[in-house]
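Now for the letters of each chain:
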Amino acid sequence: MDVKDFYFDLPEELIAQDPLEDRSSSRLLVLDKDTGEIRHRVFRDIVEYLRPGDCLVINDTKVIPARLFGTKKDTGAKIEILLLKRRENDIWETLVRPGKKAKPGTVIDFGEGLLTGTVIDTVDDGNRLIRFSYKGIFEEILDQLGQMPLPPYITHQLQDKNRYQTVYAKHEGSAAAPTAGLHFTKELLKQIEDMGVKIAHVTLHVGLGTFRPVKVENVLDHHMHSEFYVVEESEARKVNDTKAAGGRVICVGTTSCRTVESASTQEGILEAKTGWTEIFIYPGYRFKVLDALITNFHLPESTLVMLVSALAGREHILNAYQEAVKERYRFFSFGDAMFIASDPKTGNQ
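Remember, predicted model here, so these are calculated numbers, not experimental data.

Trainee: Please explain the pattern of salt bridges as it appears in this structure.
Mentor: As a working rule, side chains carrying opposite charge can pair if their charged atoms are close by. Here the structure, examined in full by the defined rule, presents 17 salt bridges. Across the pair Lys-190 and Asp-194 runs a salt bridge whose closest N-O atoms are separated by 2.8 Å. One end of the pair, Lys-190, and the other, Asp-194, are both in helix α2 (residues 186-194), 4 residues apart, so they sit about a helical turn from each other. Look at Asp-194 and you get exposed, because its relative accessible area is 56%. The network of salt bridges with common partners includes Arg-41, Asp-45 and Glu-48.

Trainee: Explanation requested: the sheet that holds strand β14 (residues 249-252) in the structure shown.
Mentor: Two pairing modes exist for strands in a sheet, parallel and antiparallel, and in both the strands are linked by backbone hydrogen bonds. The 9 strands lie next to each other as β2-β1-β17-β16-β14-β3-β12-β13-β15, forming an open sheet whose pairing is mixed. Every other strand in the sheet has two partners, leaving β2 (38-42) and β15 (273-277) as the edge strands with one partner each. Geometrically, the sheet is characterised by an average inter-axis angle of 25 degrees between neighbouring strands, direction not taken into account. Packing against the sheet, helix α5 (residues 303-312) makes contact with β1 (27-32), β16 (292-296) and β17 (337-341), and its axis sits at approximately 150 degrees to β16. Contacting β1, β2, β16 and β17, helix α6 (residues 314-326) runs over the sheet at an angle of about 150 degrees to β1.

Trainee: Would you mind going over helix α3 (residues 233-244) with me for this structure?
Mentor: Each α-helix turn comprises 3.6 residues. Residues three or four places apart therefore point the same way. Its 12 residues place the ends of α3 16 Å apart at the C-alpha level, agreeing with the 16 Å of an ideal helix rising 1.5 Å per residue. For α3, every residue scored as buried is listed here: Glu-235, Ala-236, Val-239, Asn-240 and Thr-242. For α3, the angular spread of the buried residues around the axis is 155 degrees, confining them to a single face. Looking at the buried residues of α3, the elements they touch are β3 (55-59), β12 (198-204), β13 (227-231) and β14. Within two residues after α3, Gly-246 carries a phi angle of roughly 90 degrees, on the positive side.

Basis of the calculations
- Residues numbered from 1 in each chain as written.
- Predicted model: local features only at pLDDT ≥ 70, side-chain atom pairs only at ≥ 80, totals over all residues.
- Heavy atoms only, no water.
- Salt bridge = Lys/Arg side-chain N within 4 Å of Asp/Glu carboxyl O.
- Helix = DSSP H or I, 4+ residues; strand = E, 2+ residues; numbered from the N terminus.
- Buried < 20%, exposed > 50% of the residue type's maximum accessible area, 1.4 Å probe, protein only.
- Pairing = 2+ DSSP bridges.
- Axes fitted to C-alpha atoms, helices over the stretch in contact; angles between N-to-C directions.
- Contact = heavy atoms within 4.5 Å.
- Expected span 1.5 Å × (residues − 1).
- Arc of directions from axis to C-beta.

Below is the structure:
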């Protein structure tokens, strides 16, 4: 399977730079995964495609302001750090720029000494392990000094940090937002619950590995970075009860999808558990729990395009993406959404 099989041409002006004022007014492309049929709607119309007895699975991770700017204590040289994942208490795996200035033993000051980091080791892909020292509460200092780690295709900082959070973000730990969830408002979620749709919360702390480009020609040679997930007993029960009663499990975003698929048995029973997942979903994969998916439009040749191709077939996905380009949909994190399901009829059809 060649990575070039997942290429599509995307005009740069379709990469959304800012979120819409009203989260739920994004456009929604509805794709029948079996026939490839496409409909064009608005995101809040998603309620017409949900049915009583369905279960919506959302990822309640919260993005931390993980981008820090500091100076080397000995030379004053500027250094940028991105927190990727917490290894233990005050030790984090980080991405450092420029890396050559961050050899083990390097001490970095942030916020005029409010926070100090010492490089203690080099790990995979040149990432650095840094031990932080500070007075007070780490999260409060991070909120004061850090910036939101927006993807590289977003060219400016947000005025409101909360626009890169879902309205249900709860557990801090992500270096990137689960962006399919950005389209939901609290009012829309209440409307969905009032319809008789269960909402199950899972947590997967999104690392940059999710967005890491595939640098090998053969897709099967690509290695995913590990990400930490949590599935609570009460939430697993909602999903399993839905399956048992014949309802659909609809994941909001590829991170929710990867969580339930990682934490389930071969028979499709979702287990309450915590762990690290390196699951890589590409065409040929048999989904064990997920029935339908709400997702954004992803980068060409990315693992996320491969995941949605596993669900709907590569030809249907690439055709839908071509249609989205033609219709001037907005792409990537702050862009528009897709709903992928079998026979996605509305209640009034």
